[in-house]
Amino acid sequence: MIANRVRHFGTTIFTEMTALAQQHKAVNLGQGFPDFPAPAYAKEAAERAIRADINQYAPRHGLPQLRQAIADKALKHEGLTADPDTEITVLHGATEAIFATIMGLVNPGDEVILFEPYYDSYIPSVEFAGGVPRFYTLHPPNWEIVAAELTALFNERTKLILLNTPHNPTGKVYSHAELQLIADLCIQHDVIAVVDSVYEHILFDNAQHHTLATFPHMRQRTVTISSLGKTFSVTGWKVGWTIAPPDLNQGIVRGHQFITFCGVAPLQAAAADMFAWAEREGYYQQLGEMYQRKRDFLLGALAEAGLPPLRPQGTYFTMVDISHLGFANDVEFCRYLTTEIGVAAIPPSAFYQNAADGATVARFAFCKTDESLAEAALRLQKIRQ
Ligand code: PMP
Ligand code: GLN
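Residues numbered from 1 in each chain as written. Chains lettered and ligands numbered in written order. Predicted model: local features only at pLDDT ≥ 70, side-chain atom pairs only at ≥ 80, totals over all residues. Heavy atoms only, no water.

## Points about the nonpolar core
Right, on to step 1. With 94 residues, the main nonpolar core has Leu228, Phe232 and Phe364 as its most contacted residues.
Right, on to step 2. Broken down by element, this core gets its largest block of residues, 8 residues, from helix H10 (residues 265–281).
Right, on to step 3. Sequence-distant contacts of phenylalanine 232, defined by excluding residues within four places in its chain, comprise Ala38, Pro39, Met274, Phe275, Trp277, Ala278, Tyr283 and Tyr284. (Core = buried A, V, L, I, M, F, W, Y, C linked by side-chain atoms within 4.5 Å. Buried < 20%, exposed > 50% of the residue type's maximum accessible area, 1.4 Å probe, protein only. Helix = DSSP H or I, 4+ residues; strand = E, 2+ residues; numbered from the N terminus. Contact = heavy atoms within 4.5 Å.)

See below:
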């Protein structure tokens with residue numbers, strides 16, 4: 001009975017591995033969600049908003065105080081100026097932002113360049129729009145971009161390039177030179193760039209997050225996407241946004257008004273307060289420091305267990321090399337790890353077109369309490385025995 005357009009979608013790898021982790025009482029370092037509380041201020045702000053009866057529809061492009069707060073934050077942290085009325089749209093998480101952006105900007109037959117491993121919602125979003133995905137494959141251990149290979153993907157049918165930095169699942173932070181190459185190609189071929197930057201505040205070892213929209217001549221052809229989920233440890237709140245020039249913003253908002261019409265109004269009000277609080281408290285700095293500590297602990301534990309980590313520069317994920325362990329592939333390894341060792345990880349082959357490209361690595365999340373990470377470290381030692 002179901003429609004052809006969804007017939008081939010399976011269950012997401014995140015749902016599958018979380019279910020397996022629960023079944024085997026494994027420490028879940030698979031699906032990327034924090035297992036610790038959100039900042040108390042965030043919860044109070046949400047409570048205040050509901051008590052203040054911010055319970056009815058928000059404007060289709062978002063509550064004005066949140067759009068203003070997003071504009072202030074983009075200027076302060078990224079040097080990006082945006083008009084809150086014509087260039088910012090609030091949506092239901094980065095997931096809807098990605099979907100509405102692609103639906104609003106891609107015509108059937110248009111080519112969309114994606115980097116793999118990719119976040120899993122990118123391909124279905126392109127498919128729903130009738131776009132044709134073209135892939136640039138990032139390879140372990142360095143995930144670097146070879147200019148000639150990327151250049152070869154651009155042609156007269158290319159409409160859009162979608163990238164994610166800091167990058168899930170590799171932890172790569174795109175360098176200034178890589179972004180400049182992308183900018184040059186977008187300008188030369190009149191292509192729109194969409195940058196998913198949901199991990200923008202989770203950076204390590206002084207890595208720098210560069211904003212493509214601030215590169216010369218890119219402002220008018222770039223959509224910047226982010227959300228509250230990772231930054232405030234509230235992945236279930238689903239407050240996301242786009243920053244785009246007015247014509248591209250129109251493409252996004254016209255679809256969005258018929259997808260969800262508006263995001264969750266009280267959480268949008270809370271978000272505006274949370275941004276102000278975060279600036280007052282130096283929260284973003286503290287977040288980065290917390291995750292650097294968690295990363296360093298997990299990298300140490302993985303190395304000790306004979307799983308050499310591929311050191312991430314950002315995000316709350318690390319890849320590890322499993323090529324020497326004698327498993328047929330990453331799926332077999334992650335199933336073994338979850339069911340026999342009691343630690344769940346994600347098999348990255350789910351994020352590649354050709355499963356073999358992800359078969360020698362596994363992804364671990366460290367957005368977990370120190371206790372969860374310590375328990376995982378203990379269990380991982382069994383791999384060696
Ligand atoms: N993009 C990337 C790269 C992600 O990792 C995630 C989080 N799962 C999202 C988008 C979706 O974000 P949200 O929860 O705000 O929809
Ligand atoms: N972004 C999370 C991850 O990469 C999971 C998101 C989801 O479950 N859809 O693990």
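## Considering the site of ligand 1
Right, on to step 1. In the neighbourhood of ligand 1, 13 residues make up the surrounding shell, with Thr95, Asp196, Tyr199, Lys230 and Lys238 lying closest.
Right, on to step 2. Contacts to ligand 1 include aspartate 196, whose side-chain N or O atom sits 2.5 Å from a nitrogen atom.
Right, on to step 3. Between ligand 1 and serine 227 there is a distance of 2.7 Å, counted from an oxygen atom to a side-chain nitrogen or oxygen.
Right, on to step 4. When ligand 1 sits alone it has 400 Å² of accessible area, and the protein chains cover 93% of it. (Near = heavy atom within 4 Å. Polar contact = N/O pair within 3.5 Å; in protein donor to acceptor, adjacent residues only side chain to side chain. Areas by Shrake-Rupley, 256 points an atom, 1.4 Å probe, with all protein chains shown as cover.)

## Quick word on the site of ligand 2
Right, on to step 1. Every residue lining ligand 2 is accounted for by Phe14, Gln31, Gly32, Tyr119, Asn168, Lys230, Phe317 and Arg363.
Right, on to step 2. Glycine 32 places a main-chain nitrogen or oxygen 2.7 Å from an oxygen atom of ligand 2.
Right, on to step 3. Contacts to ligand 2 include arginine 363, whose side-chain N or O atom sits 2.6 Å from an oxygen atom.
Right, on to step 4. In the complex, 81% of the free accessible area of ligand 2, which totals 300 Å², lies under the protein chains.
Right, on to step 5. In terms of residue class, the shell around ligand 2 is made up of 3 nonpolar, 3 polar and 2 charged. (Nonpolar A, V, L, I, M, F, W, Y, C, P; charged D, E, K, R; others polar.)

## Here we look at the packing of helix H5 (residues 93–105) against helix H9 (residues 246–259)
Right, on to step 1. The interhelical angle for the contact between H5 and H9, taken along N-to-C directions, is 115°, at an axis separation of 8 Å. Accordingly, the angle class assigned to the pair H5 and H9 is roughly perpendicular. In the crossing of H5 with H9, the sense of the turn from one axis to the other is right-handed. Between H5 and H9, the residues in contact are Glu96, Phe99, Ala100, Thr101, Gly104 and Leu105 and Leu248, Gly251, Ile252, His256 and Ile259, respectively.
Right, on to step 2. When its residues are assigned to classes, the contact of H5 with H9 shows 6 nonpolar, 4 polar and 1 charged. (Axes fitted to C-alpha atoms, helices over the stretch in contact; angles between N-to-C directions. Parallel < 35°, antiparallel > 145°, perpendicular 65-115°, else oblique. Left-handed = near helix turned anticlockwise from the far one by under 90°.)

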